[in-house]
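Overview (structure and organization)
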Amino acid sequence: MHTIYTDVLVIGGGLAGQRAAIGARRRGQEVIVLSLVPAKRSHSAAAQGGMQASLGNCLGAAGDNEDIHFADTVRGSDWGADQEVVRMFTHTAPKAIRELAAWGVPWNRVQRGEREITVDGKKQTITEADAAHGLITARNFGGTQKWRACYVSDGTGHAMLYTMSNQAIAAGIPVHERMEALALIHDGGRCHGAIVRNLMSGELVAYVARATCIATGGFGRIYRVSTNAVINEGMGAGIALETGVATLGNMEAIQFHPTGIFPAGILVTEGCRGDGGLLLDGREHRFMPDYEPEKKELASRDVVSRRMEEHIAAGHGASTRFGEHLWLDIRLLGAQHINNNLREVKEICQYFLGIDPVRELIPVRPAQHYSMGGVRTDHHGHSPQLRGLFAAGEAACWDMHGFNRLGGNSVAETVVAGMIVGEAIADFCVSPEGALTLSSTLVEEFGRRETRRLAAIAEGNGGENAFELTRRMQETMTANVGIFREAGRLEEAVIILQDLQRRSRAISLRNNTAGANPELVAAYRLQRMLKLAQCVAFGALQRTESRGAHYRADYPRRDDANWMRRTLASWPDAKATLPTLGYEPLDIMRMELPPGWRGYGARDYIDNPQTELRQQQIEALQATLEGADREERQAALMPFKQLLPEHLRGPNQRLGDES
Amino acid sequence: MNQIPVQQVGRTLQIEILRHNPYDPASKPRLQTFEVEEADAMTLFIALSEIREQQDPSLQFDFVCRAGICGSCGMIINGRPGLACRTLTRNLPQRITLAPLPAFELIGDLSVNTGKWMRGMSERLETWVHSQGLEGLDLDALEPAMEPELAEQLYELERCIECGCCVAACGTAQMREDFVGAVGLNQITRFRLDPRDERSDAQFYELVGDETGVFGCMTLLGCEDTCPKDLPLATQIAFLRRRMVMAG
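**Structural notes on the overall build of chain B**
On a plain count of helices and strands, chain B comes out with nine helices and seven strands. In terms of principal-axis extent, the alpha carbons of chain B reach across some 60 × 40 × 35 Å. Within chain B, the proportion of its 248 residues that are buried is 57%. The long-range fraction of contacts in chain B, counting pairs at least 24 apart against all pairs at least 6 apart in sequence, stands at 63%. Summing over all exposed atoms, chain B offers an accessible surface of approximately 10400 Å²; the carbon and sulfur share of this is 52%.

Below, the structure written as structure tokens:
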């Protein structure tokens, strides 16, 4: 087998993977990026509305800082996030955005003087300060106290990804396009690279590396209705799971975005609502204030999606031949705003719905959107079980989002994680642990195993059809493991998925053509996707509470007493049809922000006795900090800067800071 | 562009596809016709996926975002380059002919290697901000201000999704393999406009000041006619040509 040696192998060419690659390359490591598609076509490009960073430049952002971004993110996560990671993130996000600005991203800027905005269905005139003129502006997003989503029209991800890709090209980082990692090479404790399939020729190649980083994004395509690109099949998480050693965190935490266009599921950005758009029901009544008087359309995504489905279930949807949906109304924003700031939305409406959103309502319904779970790592993106295996971005669970991610925090996470994990990878490579020590027989063994697995599929004659089984899996996930979950439907899903797993081992290909062979691809991916789907379904069945996007109709309350725990799924027995689940505690006594009400959504939750203790401890601590500044107060509660690379520890300057 | 004709119910589409698998020594280029029952709001993405799933699993094509954002699915649709994912079948006649984009290396059937071409273009034209001190940036400091209008102009040019339609529609590109295409020239205008890029017109001239660059354009306007993002390509090329004449 052809073998390629490199210091660092990054699997995935989106924002997280490329930023990690650039970081490691700058530290002198040889880096190769593998990508299923040309890197600029990665799903990062589909992020539309914005990237959260507490710059605080525009009027709606005045007074913003890391503390408020931290609190918003933790509340958004429904206290499922790792608060140290959230701190690392909120501290680094302004640096990430400023780096991208220097690299060429044309962030929209503050225009001094008066301008008209739409808030709560009404026009208002605001005045932006002279001093802020030309600095990076931001728009409002759900679940946040400030306007914090920095944006480039509604092509934010596109602009970021192009800039990032161009910088990677400038750094001379090779991207091996149309290459798919089929298995991680490992010895049970150390990862040594991957066996990779060329998606043009079908050839297998071994990539041997000191450090391997999974940055393959989410796995939305295990669902039938998803905003995700067709490549988001979770293969990075899948091959990590198939090591039998690495764990996946919180796989049951799946986000449904409120505004997928109906019925195709294509995303229209949260920026529509952030900029003042409204949700209307079948009678064109604005219903969100009835459910969520505080945040209305701009509660967190899990809450808005649930309220929408609740409203439809109560018989208030609009009806078409495809089924029921609701309306997104952005007409009130006006033609000029839509044509400048929501142009992708306008194009999507034109091409896929044949409507003009300046004049017409957009049919929407929640659709699967984001995977909060992924490859479990430490604060530096390193797998605790497999040394040399890293993960970053949506594919990872260092656990910044807990059970619900805020809009605009994902593109921000990709870049921030890339900045932090890229450094950690370089540190690892130069450490004694990072030495390349594997035997060539191990590589050959893994190569032979993958060759045999593909041959077994190609020669199979069990009569099952890969495409049909995939569809069955997707329909099961959408029907049974969606926004509203309960034991009966989850148990049914687990059984169906077990059956599909057995059947997926009896696929017959109708075609064994040379080269890419899309049917073979569908067959081997299906086996991995079914394992991921089972982690989601089985994890959801076991979690007998409601937290963030995981809502159990039969256990509607958040249960801090029993479920301040992160689910860890592993798959030690390749022949098993269920994952092995374990749990790790979230330590309330170390939290900067102990659990409470989120400020929107249900007020009713089961308290943990430690919450009050920690609250008292914090109050006592704060009493001793008279006269301390914001940074000192924070450091006393939960120090985190030691976890960051040294060059990312400095304070973020803002407009109006004393210099 | 946005004219939606009256719904024609119950059509059976005949989709004729130019097929060839260069990795199969026995494969010869051929046209193959598939019949598909048209559904409501059917796009070519849906139709082609259905053909692969139900009729011929060996059929190759590229879709990623299926939302008109990523630029993967450029192909020749009834003689014109376009994005297949956002092409509704109801806007097409009952008989649809699909072929891979010309000017790019064929991977198989409708799949072409635009990625390799675009990477080569980026490396050659150095499509990134050239600026001293990018590695030693002070990330703590307030970002330098930029005029809001300039940021919007930059984005206007940056909306290119490198789908390759402009190259496939370009007369020069059919004759000269080394022509950088409207996609490349547009990126030069984008970086030239960007004050963060310190390159001079003389340096840009080195990159595009010949027949493989801005002087190769014959102003046939195929690029602008087919650009799925409606970029003002012809204007940008004309503008760049004037600047380059002055720089040369």
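**Description of the side chain of Lys40(A)**
By secondary structure assignment, the location of Lys40(A) is in the loop between β2 (31–35) and β3 (51–52). Separated by 2.9 Å, the side chains of Lys40(A) and Asn166(A) make a polar contact. Discounting residues that sit within four places of it in the chain, Lys40(A) has contacts with Ala45(A), Leu161(A), Tyr162(A), Ser165(A), Asn166(A), Ile169(A), Ser122(B) and Glu162(B).

**Focus: the domain arrangement of chain B**
All names here are of chain B. Domain boundaries assigned for chain B yield domain 1 (12–112) and domain 2 (148–247). A separation of 28 Å is found between the C-alpha centroids of domain 1 and domain 2. Contacts between domain 1 and domain 2 engage 15 residues on the former and 13 residues on the latter. For the pairing of domain 1 and domain 2, the buried interface totals around 990 Å² over both sides, and the portion due to carbon and sulfur atoms is 64%. Where domain 1 meets domain 2, there are three residue pairs in polar contact (both at pLDDT 80 or more).

**Quick look at the environment of Tyr155(B)**
By the secondary structure assignment, Tyr155(B) is in helix α3 (residues 148–158). Here Tyr155(B) falls in the buried class, since its relative accessible area comes to 4%. A C-alpha to C-alpha distance of 8.5 Å links Tyr155(B) and Arg190(B), two positions 35 residues apart in sequence. Setting aside residues no more than four positions away along its own chain, Tyr155(B) makes contact with Pro106(A), Val152(A), Ser153(A), Asp154(A), Gly155(A), Arg343(A) and Glu344(A).

**Considering the sheet that holds strand β3 (residues 74–77) of chain B**
Residue and element names in this part refer to chain B. One open sheet holds the five strands; their spatial order is β2-β1-β5-β3-β4, and the pairing between them is mixed. In this open sheet, the two strands that pair with only one neighbour each are β2 (30–37) and β4 (80–83). Recorded for the sheet is a direction-independent mean angle of 35° between the axes of neighbouring strands. As paired strands, β3 and β4 are joined by four bridges and run antiparallel to one another. Each residue of the ladder has a partner; that of Gly74, found in β4, is Leu83. Along the sheet face, helix α1 (residues 44–54) touches β1 (12–19), β2, β3 and β5 (95–99) and points at about 105° away from the line of β2.

**Comments concerning the packing of aromatic side chains**
All chains considered together, the criterion is met by eight aromatic pairs over all chains. Taking the centre distance of 5.7 Å and the plane angle of 70° together, the rings of Phe390(A) and Phe428(A) count as edge-to-face. With Phe390(A) in strand β18 (residues 389–391) and Phe428(A) in helix α11 (residues 409–430), this residue pair connects regions lying 38 residues apart in the sequence. By relative accessible area, which is 1% here, Phe390(A) ends up buried. For Phe428(A), a relative accessible area of 5% corresponds to the buried category. When the centroid spacing of 5.6 Å and the interplanar angle of 75° are considered together, the rings of Phe104(B) and Trp117(B) count as edge-to-face.

**Side note on the pattern of salt bridges**
All names here are of chain A. Tallied over the full model, the rule gives 77 salt bridges over all chains. With a closest N to O distance of 2.8 Å, Asp302 and Arg598 form a salt bridge. Linking Asp302 in helix α8 (residues 301–316) with Arg598 in the loop between β22 (580–585) and β23 (605–606), this pair joins segments that are 296 residues apart in sequence. For the pair Asp302 and Arg598, one class covers both residues: buried. Linking Glu519 and Arg510 is a salt bridge whose minimum nitrogen-to-oxygen distance equals 3.3 Å. By relative accessible area, Glu519 is classed as buried at 0%.

**A word on the interface of chain B and chain A**
In this complex, chain B contributes 75 residues to the contact, which on the side of chain A involves 88 residues. Approximately 6600 Å² of surface area, both sides summed, lies buried where chain B meets chain A, with 53% of it carried by carbon and sulfur atoms. At the surface where chain B touches chain A, the tally comes to 12 salt bridges. Of the charged contacts in the structure, one is a salt bridge between Arg159(B) and Glu344(A), with a shortest N-O distance of 3.6 Å. Counting the contacts that link chain B with chain A gives 41 residue pairs in polar contact (both at pLDDT 80 or more). Elements with a contribution of two residues or more to the side of chain B that touches chain A: α1, β7 (111–112), α2 (114–125), α3 and α6 (181–193) of chain B. Here the side of chain B that touches chain A is composed, by residue class, of 35 nonpolar, 15 polar and 25 charged.

**Focus: helix α12 (residues 440–459) of chain A**
All names here are of chain A. Relative to the 28 Å expected for 20 residues at 1.5 Å per residue, α12 spans 28 Å between its end C-alpha atoms, a close match to the ideal helical length. When we look at burial in α12, the residues that qualify are Leu442, Val443, Phe446, Gly447, Glu450, Leu454 and Ile457. Seen from one end, α12 has its buried residues packed into an arc of 135°, which puts them on one side. Set apart from the buried face of α12 by more than 90 degrees, the exposed residues are Thr441, Arg452, Ala456 and Glu459. Buried residues along α12 sit against β1 (2–11), β8 (179–186), β9 (191–198), β10 (204–214) and α15 (518–542).

**Observations concerning a nonpolar patch on the surface**
All names here are of chain B. Taken together, the side chains of Met175, Met218 and Leu220 present a nonpolar region at the surface, about 340 Å² in accessible area. Tracing the backbone shows Met175 in helix α5 (residues 171–175). For Met175, a relative accessible area of 60% corresponds to the exposed category.

**Let's talk about helix α17 (residues 609–623) of chain A**
All names here are of chain A. For α17, with 15 residues, the first-to-last C-alpha span of 22 Å sits near the 21 Å given by 1.5 Å per residue. Those residues of α17 not exposed but buried are Thr611, Arg614 and Ile618. In an axial view of α17, the angular spread of the buried residues amounts to 70°, which keeps them on one side of the axis. Seen from the buried face of α17, the exposed residues on the opposite side, beyond 90 degrees, are Pro609, Glu612 and Ala623. On the buried face of α17, the contacting elements are α18 (630–637).

**Examining the pairing of β2(A)**
Residue and element names in this part refer to chain A. For β2, the tally of buried residues reaches five of five residues, placing the bulk of the element in the interior. Every second residue of β2 is oriented toward a common face, with Val31, Val33 and Ser35 on one face and Ile32 and Leu34 on the other, all of them buried. Pairing geometry for β1 and β2, over four bridges, is parallel. What sits directly across from Ile11, in β2, is Leu34. With respect to chirality, the unit in which β1 leads through helix α1 (residues 15–26) into the neighbouring parallel β2 is right-handed. Pairing analysis gives three bridges linking β2 to strand β7 (residues 175–177), with the strands arranged parallel. Each bridged residue has a counterpart across the sheet, and for Leu34 the counterpart in β7 is His176.

What counts and how
- Residues numbered from 1 in each chain as written.
- Chains lettered and ligands numbered in written order.
- Predicted model: local features only at pLDDT ≥ 70, side-chain atom pairs only at ≥ 80, totals over all residues.
- Heavy atoms only, no water.
- Helix = DSSP H or I, 4+ residues; strand = E, 2+ residues; numbered from the N terminus.
- Buried < 20%, exposed > 50% of the residue type's maximum accessible area, 1.4 Å probe, protein only.
- Contact = heavy atoms within 4.5 Å.
- Areas by Shrake-Rupley, 256 points an atom, 1.4 Å probe, with all protein chains shown as cover.
- Polar contact = N/O pair within 3.5 Å; in protein donor to acceptor, adjacent residues only side chain to side chain.
- Domains from an automatic or database assignment.
- Buried area = accessible area lost by both parts, 1.4 Å probe.
- Pairing = 2+ DSSP bridges.
- Axes fitted to C-alpha atoms, helices over the stretch in contact; angles between N-to-C directions.
- Phe/Tyr/Trp six-rings, centres within 6.5 Å; stacked < 30°, edge-to-face > 60°.
- Salt bridge = Lys/Arg side-chain N within 4 Å of Asp/Glu carboxyl O.
- Nonpolar A, V, L, I, M, F, W, Y, C, P; charged D, E, K, R; others polar.
- Expected span 1.5 Å × (residues − 1).
- Arc of directions from axis to C-beta.
- Patch = residues over 30% accessible without salt bridge, like charges linked within 9 Å, V, L, I, M, F, W, Y side chains within 5 Å.
- Right-handed = clockwise from strand over helix to strand, strands pointing away.

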